[in-house]
Amino acid sequence: MSSNMAWQPQEEGLMQILQLLKESQSPDNVIQRAVQQKLEELNNFPDFNNYLIFVLTKLTSEDEPTRSLSGLILKNNVKSYFHKFPPEVTEFIKQECLSAVGDPSPLIRATVGILITTIAYKEELIHWPALLPALCQMLDSHDYNVCEGAFGALQKICEDSAERLDSDALNRPLNILIPKFLQFFQHNSPKIRSHAIACVNQFIIGRTQALMLHIDSFLTSLFHLATDDDPEVRKNVCRALVMLLEVRMDRLIPHMHNIIEYMLLRTQDPDEGVALEACEFWLSLAEQPVCKDALAPHLNRLVPVLVRGMKYSEIDIILLKGDVEEDGMVPDREEDIRPRFHKSRTHTIKHAEENGDGEEDDDDDVMDDDNSLSDWNLRKCSAAALDVLANVFHEELLPVLVPILKETLFHQEWDIKESGILALGAIAEGCMQGMIPHLPELIPYLINCLSDKKALVRAITCWTLSRYSHWVVTQPHEQYLKPLMTELLKRVLDGNKRVQEAACSAFATLEEEACTELVPYLGFILETLVFAFSKYQHKNLLILYDAIGTLADSVGHHLNKPDYINLLMPPLIQKWNVLKDEDKDLFPLLECLSSVATALQSGFLPYCEPVYRRCVSLVEQTLGQHIYSQANTQSPEQYEAPDKDFMIVALDLLSGLAEGLNGHIEKLVVNSNIMPLLFQCMQDPMPEVRQSSFALLGDLTKACFQHVQPCIPQFFPILAQNLNPEFISVCNNATWAIGEIAIKLGLETSTYIPLVLDQLVVIINRPNTPKTLLENTAITIGRLGYVCPHEVAPLLQQFVRQWCTSLRNIRDNEEKDSAFRGICQMITVNPAGVVQDFIFFCDAVASWISPKEDLKELFTKILHGFKNQVGEENWKRFSDQFPVQLKERLSTMYGV
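Residues numbered from 1 in each chain as written. Predicted model: local features only at pLDDT ≥ 70, side-chain atom pairs only at ≥ 80, totals over all residues. Heavy atoms only, no water.

1. Thoughts on the overall build of the protein chain
- Helix and strand content of the protein chain: 49 helices and zero strands.
- Oriented by its inertia axes, the alpha-carbon framework of the protein chain measures out at about 100 × 70 × 65 Å.
- When the 896 residues of the protein chain are sorted by exposure, 57% land in the buried category.
- If you take every contact in the protein chain between residues at least 6 apart in sequence, the share linking residues at least 24 apart comes to 76%.
- Only carbon and sulfur atoms are counted for the fraction: they give 53% of the accessible area of the protein chain, which is about 39700 Å².
- Between the mean site of the 77 positive side-chain charges and the mean site of the 121 negative ones, the protein chain shows a separation of 2 Å. (Helix = DSSP H or I, 4+ residues; strand = E, 2+ residues; numbered from the N terminus. Buried < 20%, exposed > 50% of the residue type's maximum accessible area, 1.4 Å probe, protein only. Contact = heavy atoms within 4.5 Å. Areas by Shrake-Rupley, 256 points an atom, 1.4 Å probe, with all protein chains shown as cover. Lys, Arg positive; Asp, Glu negative; His and termini not counted. Charge placed at Lys NZ, Arg CZ, Asp CG, Glu CD.)

2. So, the environment of L605
- Among the structural elements, L605 can be located in helix α33 (residues 605-631).
- A residue is classified by how much of its surface remains accessible, and L605, at 28% relative accessible area, is partly exposed.
- Considering only alpha carbons, one finds L605 and L657, 52 residues apart in sequence, at a separation of 9.3 Å.

3. Brief notes about the packing of aromatic side chains
- All chains considered together, the criterion is met by 25 aromatic pairs.
- Ring centres of W848 and F859 lie 6.4 Å apart, and the angle between their planes is 50 degrees; this geometry places the pair in the tilted category. Of this pair, W848 sits in the loop between α46 (838-846) and α47 (853-870) while F859 sits in helix α47, and the two are eleven residues apart along the sequence. Neither residue differs from the other here; W848 and F859 are each classed as buried.
- Among the aromatic residues, those joined into a cluster by ring pairs are W803, F820, F838, F841, W848, F859, F866, W875, F878, F882 and Y894.
- R614 extends its terminal NZ or CZ atom over the ring of W576, reaching a point 4.9 Å from the ring centre.
- Between the NZ or CZ atom of K816 and the centre of the ring of W848, over which it lies, the distance is 4.9 Å. (Phe/Tyr/Trp six-rings, centres within 6.5 Å; stacked < 30°, edge-to-face > 60°. Lys NZ or Arg CZ within 6 Å of the ring centre and 35° of its normal.)

4. Details of helix α45 (residues 814-829)
- Over its 16 residues, α45 extends 23 Å from the first C-alpha to the last, a length consistent with the 22 Å expected when each residue adds 1.5 Å.
- For α45, the buried fraction is high: twelve of the 16 residues fall into the buried class.
- Listed in full, the buried residues belonging to α45 are E815, K816, D817, S818, A819, F820, R821, G822, I823, C824, M826 and I827.
- Taken together, the buried residues of α45 touch α40 (728-745), α42 (771-787), α43 (789-792), α44 (796-807), α46 and α47.
- By the N-cap criterion, in which a side-chain oxygen at the helix start approaches the backbone nitrogen of a residue two or three places on, α45 is capped by N813, the distance to E815 being 3.1 Å. (Expected span 1.5 Å × (residues − 1). Polar contact = N/O pair within 3.5 Å; in protein donor to acceptor, adjacent residues only side chain to side chain.)

5. Observations regarding the pattern of salt bridges
- Counted according to the given criterion, the structure contains 37 salt bridges.
- Across the salt bridge formed by E232 and K235, the nearest N and O atoms sit 3.4 Å from each other. Linking E232 with K235, this pair stays in helix α13 (residues 231-247), spanning three residues, or about one helical turn.
- Since its relative accessible area comes to 17%, K235 is described here as buried.
- For R266, the salt bridge goes to D269, with nearest N and O atoms at 2.8 Å. As far as burial versus exposure is concerned, R266 and D269 are alike and both buried.
- Taken together, the shared-partner salt bridges in this structure form one network comprising D216, R248, D250 and R251. (Salt bridge = Lys/Arg side-chain N within 4 Å of Asp/Glu carboxyl O.)

6. Some points on the packing of helix α6 (residues 106-123) against helix α8 (residues 144-165)
- The contact between α6 and α8 brings their axes to 9 Å, and the two run at 30 degrees. Once α6 is placed against α8, the crossing between them reads as right-handed. Counted together, R109, A110, G113, I114, I116, T117, A120 and Y121 of α6 and Y144, N145, E148, G149, A153, K156, I157, D160, S161 and R164 of α8 form the full contact between these two elements.
- Taken together, the residues of the contact of α6 with α8 sort by class into eight nonpolar, five polar and five charged. (Axes fitted to C-alpha atoms, helices over the stretch in contact; angles between N-to-C directions. Left-handed = near helix turned anticlockwise from the far one by under 90°. Nonpolar A, V, L, I, M, F, W, Y, C, P; charged D, E, K, R; others polar.)

7. Observations concerning the nonpolar core
- Counting 323 residues, the largest nonpolar core has W282 and F604 as the members making the most contacts within it.
- Setting aside residues up to four positions removed in sequence, W282 forms contacts with I260, M263, L264, T267, L295, L302, L306, A385 and V388. (Core = buried A, V, L, I, M, F, W, Y, C linked by side-chain atoms within 4.5 Å.)

8. Some remarks on the packing of helix α3 (residues 48-57) against helix α5 (residues 87-100)
- Interaxial distance between α3 and α5 falls to 10 Å at its minimum, and their mutual angle equals 5 degrees. As far as their axial angle goes, α5 and α3 are roughly parallel. Facing α3, whose interface residues are N49, N50, I53 and T57, α5 presents V89, F92, I93, E96, C97 and A100.
- Class assignment for the residues of the contact of α3 with α5 results in six nonpolar, three polar and one charged. (Parallel < 35°, antiparallel > 145°, perpendicular 65-115°, else oblique.)

9. Topic: a nonpolar patch on the surface
- A surface patch of nonpolar side chains, about 320 Å² in accessible area, is lined by I315, I318 and L319.
- Positionally, I315 belongs in helix α19 (residues 314-319). (Patch = residues over 30% accessible without salt bridge, like charges linked within 9 Å, V, L, I, M, F, W, Y side chains within 5 Å.)

10. Concerning unusual backbone geometry
- Residue H394 is not a glycine yet carries a positive backbone phi of 50 degrees.
- With respect to the helices, strands and loops of the structure, H394 is situated in the loop between α20 (378-393) and α21 (398-409).
- Since its relative accessible area comes to 34%, H394 is described here as partly exposed.
- Even without a glycine there, the phi angle at N768 is positive, about 65 degrees.
- Note that N768 resides in the loop between α41 (753-764) and α42.

11. Digging into the side chain of R821
- Structurally, R821 can be placed in helix α45.
- When residues no more than four places from it in sequence are discounted, the contact partners of R821 are Y786, K852, D854, L855 and L858.

12. Re the confidence of the model for the protein chain
- Confidence in the prediction for the protein chain averages 86 pLDDT; 92% of positions are at 70 or higher.
- This model gives residues 353-374 a pLDDT under 50, and the stretch forms 43 contacts once residues within four places in sequence are excluded.
- Counting contacts from residues 631-640, a segment whose pLDDT is below 50, to residues more than four positions away or on other chains yields three contacts. (pLDDT = per-residue confidence, 0-100.)

13. Comments concerning the environment of I116
- With respect to the secondary-structure elements, I116 resides in helix α6.
- When the C-alpha positions of I116 and A153 are compared, they lie 6.8 Å apart, and in sequence the two are 37 residues distant.
- Apart from residues lying up to four places away in sequence, I116 is in contact with C97, V101, W128, L131, A153 and I157.

14. Digging into helix α34 (residues 645-661)
- Given a rise of 1.5 Å per residue, 17 residues ought to cover 24 Å, and the 24 Å separating the end C-alpha atoms of α34 matches this to within 8%.
- Of all 17 residues in α34, 15 are buried, a share of seventy percent or more.
- Of the residues flanking the end of α34, it is N662, one or two places downstream, whose phi is positive at about 50 degrees.

15. Focus: the state of the cysteines
- In this structure the tally under the stated criterion is zero disulfides.
- As a non-bridged cysteine, C199 has C158 as the owner of its nearest cysteine sulfur, 4.2 Å distant.
- C592 forms no disulfide, and the closest cysteine sulfur to it belongs to C504, at a distance of 11 Å.
- The exposure class assigned to C592 is buried, which follows from its relative accessible area of 2%. (Disulfide = S-S within 2.5 Å.)

16. Focus: the environment of V392
- Looking at the secondary structure, you find V392 in helix α20.
- Expressed as a C-alpha distance, the spacing of V392 and L589, which sit 197 residues apart in the sequence, is 40 Å.
- The residues touching V392, leaving out its near neighbours within four places in the chain, are A286, C291 and K292.

Here is the structure:
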């Protein structure tokens, strides 16, 4: 080939590639695979890519979809193999791209734009210095196609390379580009106006200097376009204003009144896309300190607009099959089932003021009523906006909202009534106090709506009721809890799948709120949930597992009755036996069984062996695949990394078994290779795997230490290496496991204390350490001091104050008991270490409601020892600084 320009395709090669492009549009999987393989082979020929660009830009005899596809295959090649392209091929492709920017076909122009931005991103703009000047020049072309094509390409480059565009290396092209883009805000073509705003919008969030210099002319131009006829333009204007809220509030404040008026209008835009962009404004504004003052005068107009936006649109109802009432018998399509994420096990401590596990669920703030729809829509955005505004205005929202609720909730038309019920759920968190007087009337009405003839009304009612379940549980049961539970359980067995799903989720929330209050109704609840097993299709089964797991967490050992076990276990075990090892449905089932095993304790014994064996084998398989995939790292494309979730969930279920079965797990452990597997898991590069393995190590230490003990010399250094507070949960579980091992190991722990003590002291003194990690660190330091006071006591002064403040709020329990015995032993060994912080020790002692007798004696001895040491007068002066409650507590319980 002489020069690049002389490259011409050969007829035969061209035919071959066209054939391939045709085949690749076939729906047949076998053909698809053959095509993929052929493409891989062709990439070994240097001018294969010349053919692809030729088809895209020159071969007008072919249909546009085929030409576009040729360009998209080339784009993928650029992504994967660009570094292997010979320089003359790269040059040819770039020239052809620039010559085709203004192709008369919109599809071809767009494809060329995608190709240009991919090359610019892969090889960095710096290596294509002609690109930006060329595109910039084309913007001034009188040929619409050239101008639009160049803008399309520039918009994609701005999206992909925003940071890089603002660099010295390129001579800061934005200083030229941004003023240039602003000129086009007034262009007579809506498509070009839209491109121009979209380009500038890429630079708002990064506060790009070049844009900040022109911020005022940008705002003026935006306000000019406020009432543009083109929806795409209005959408981009709204998007710009939403971002400017976060970045340049100072510039918006003077115009705030007009902007709010404008956004009110746009939130009602006939084009739903525009309305959605505008509705985001309220979500964003709610996070700004000015929100309350700025919005207060507009609430009476904004709230009705938001509630109207919550109504299902006609297209939603069609997509949701809103007129299909009974679909419980219809199997689910696999693609409708969302991936689930497993939350790994973390060791936490119960607090004095809580009854649940204290971990707030933050995933139910906006109802999730339809994951088949485009996930984020005007309805959800409006509901989310009302939710955040309720959290800003609280009761002040109600004078505007209550009349609207009265009108919508009792409306004859189902879709309006449905939106009212959604609005009532959205404000539950922010307006709870103000809503309480209305609830005695509303809750029975809602319970009644659970049997509405429209499935979508029944579904949303489940969600809204769950948002008020906290209040329901505090009232006399006969009045609300019993009827709510009865009706909700009927909905769990509804003939409509969406209702089943909503009812199951709502019931899980009710379980968390009610906890042991549900014990009297357990038989009835279990009968319903077990019946649902036979009735549910695939997707809802996964939610049912969650409802059963939550029930077990909520009622604990009350589940351990033969009748309940005989109801619950057969269907669970039946599912367990049917599922294959590589089936993702094992995750929720394993999580559910883990909760059930912990609750049933010895009641789980008959089922534990197959469950244990399978978990160990899941861990083993994952580790085996892992070794296999490491062996094949030479060709990483061909081997997926193993899915470690199987291993994590299995480790967590083993922890649940160890905790529930306690000593009974010993005979399972002795016949398995769990210890060497655990040794591998503890060194896994993935933090979640280490987190779950340390949890299991702690639980096995408690349940059958004889099998852990021989491994301690290998395990302890790994625990020590994982005391890194950057990985909070890993660090937390490793810390807890160290404490559990110390209690069992006793004096022999002294060998290992130097490995961990200094780091534990660093963590307890670190600012902003999460509460759980502080508490576990304090307990472990206490336990180390309990078994080896002489090794730990010399450092007393470095941690005692932090230690006392982090443990004063946790409930009396075994962990707290051993930790406090430890601190008493250390004070006895090194009394000088506590003198400066003695008031903190007094306060921590006073946090005990009912310490065991001998612990109480230890406290008394230390308190009186200190008092005698300093003398009556000094003690009086010291104890006069105590808060009244503390003083009384110490004098009644310890006589000081």
